[in-house]
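Coordinates in review
Letter by letter, the chains look like this.
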Amino acid sequence: MASCLQSDIYLKTEIQEKSRRILFFKTHDKKIKTIDRIIDLDSNIILQRVTKSIESGDTWRFKIFNRLEIEGNEIVEYLITKNSDNGKVISYNKCGEKIREKNVKSNLILTKFMTN
């Protein structure tokens with residue numbers, strides 16, 4: 001337990017894009033899957049979360065919004081459920097154990113990630 005609290009962790013983000021199809025025809029929409037992984041020095045996955053969205057021109061529709069960030073000595077998960085005005089901010093320690101959970105407005109979470 002103490003060894004994982006002292007180790008370094010890293011955020012690895014992978015983005016997969018795929019054209020959306022209706023029957024046999026391609027549309028202008030894209031399915032985008034963003035996979036956030038928190039890994040340690042030995043490449044062991046501590047936490048993994050997936051965000052799924054559809055991009056149509058300049059607009060984004062999220063099916064699942066679930067992103068990870070490292071802030072100081074904590075791992076922070078941002079979660080928005082579908083068609084909800086509220087989201088959650090969940091904090092974990094470096095071992096992946098939950099510390100606290102807080103409810104916030106979903107537009108605050110979206111502006112944090114859309115301005116980066």
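As shown above, the structure is provided for reference.
Just so you know, these numbers come straight off a predicted model, no measurement behind them.

**Some points on the overall build of the protein chain**
In terms of helices and strands, the protein chain carries 2 helices and 7 strands. In the protein chain, the order of α-helices and β-strands from amino to carboxyl end is α-β-β-β-β-β-β-β-α. The dimensions of the protein chain, computed from C-alpha atoms along their principal axes, are 55 × 30 × 20 Å. Classification of the 116 residues of the protein chain by burial places 31% in the buried group. Long-range pairs, those at least 24 residues apart, make up 34% of the contacts in the protein chain between residues at least 6 apart in sequence. In the structure as shown, the protein chain presents an accessible area of about 8000 Å², 49% of it carried by carbon and sulfur atoms. Counting 22 positive and 16 negative side-chain charges, the protein chain places the centres of these two groups 8 Å from one another.

**Things to note about the side chain of R37**
You can see R37 is positioned in strand 2 (residues 25-40). Residue R37 is classed as buried on the basis of its relative accessible area of 17%. Polar side-chain contacts of R37 include one of 3.0 Å to the side chain of E14.

**Topic: the environment of T59**
Position of T59 among the secondary structure elements: in strand 4 (residues 59-71). A C-alpha to C-alpha distance of 18 Å links T59 and L108, two positions 49 residues apart in sequence.

**Regarding the nonpolar core**
The nonpolar side chains of soluble globular proteins are, as a tendency, buried together. Counting residues in each nonpolar core, the largest one holds 8 residues, listed as F65, V76, Y78, I80, V89, V104, I109 and F113. If you list the elements that add at least two residues to this core, you get strand 5 (74-80) and helix 2 (106-114). Per-element accounting of this core gives the leading share, 3 residues, to strand 5. Membership of the second largest hydrophobic core comes to 7 residues, among which are I38, L47, L68 and I75.

**Things to note about the pattern of salt bridges**
If you walk through the whole model with that rule in mind, you get 8 salt bridges. Among the ionic pairs, K30 bridges to E17, the shortest N-O distance being 3.5 Å. Of this pair, K30 sits in strand 2 while E17 sits in strand 1 (residues 9-22), and the two are 13 residues apart along the sequence. Relative accessible area serves as the criterion here: at 51%, E17 is assigned to the exposed category. Among the charged side chains, a network of salt bridges with common partners joins K88, K98 and E101.

About the cut-offs
- Residues numbered from 1 in each chain as written.
- Predicted model: local features only at pLDDT ≥ 70, side-chain atom pairs only at ≥ 80, totals over all residues.
- Heavy atoms only, no water.
- Helix = DSSP H or I, 4+ residues; strand = E, 2+ residues; numbered from the N terminus.
- Buried < 20%, exposed > 50% of the residue type's maximum accessible area, 1.4 Å probe, protein only.
- Contact = heavy atoms within 4.5 Å.
- Areas by Shrake-Rupley, 256 points an atom, 1.4 Å probe, with all protein chains shown as cover.
- Lys, Arg positive; Asp, Glu negative; His and termini not counted.
- Charge placed at Lys NZ, Arg CZ, Asp CG, Glu CD.
- Polar contact = N/O pair within 3.5 Å; in protein donor to acceptor, adjacent residues only side chain to side chain.
- Core = buried A, V, L, I, M, F, W, Y, C linked by side-chain atoms within 4.5 Å.
- Salt bridge = Lys/Arg side-chain N within 4 Å of Asp/Glu carboxyl O.

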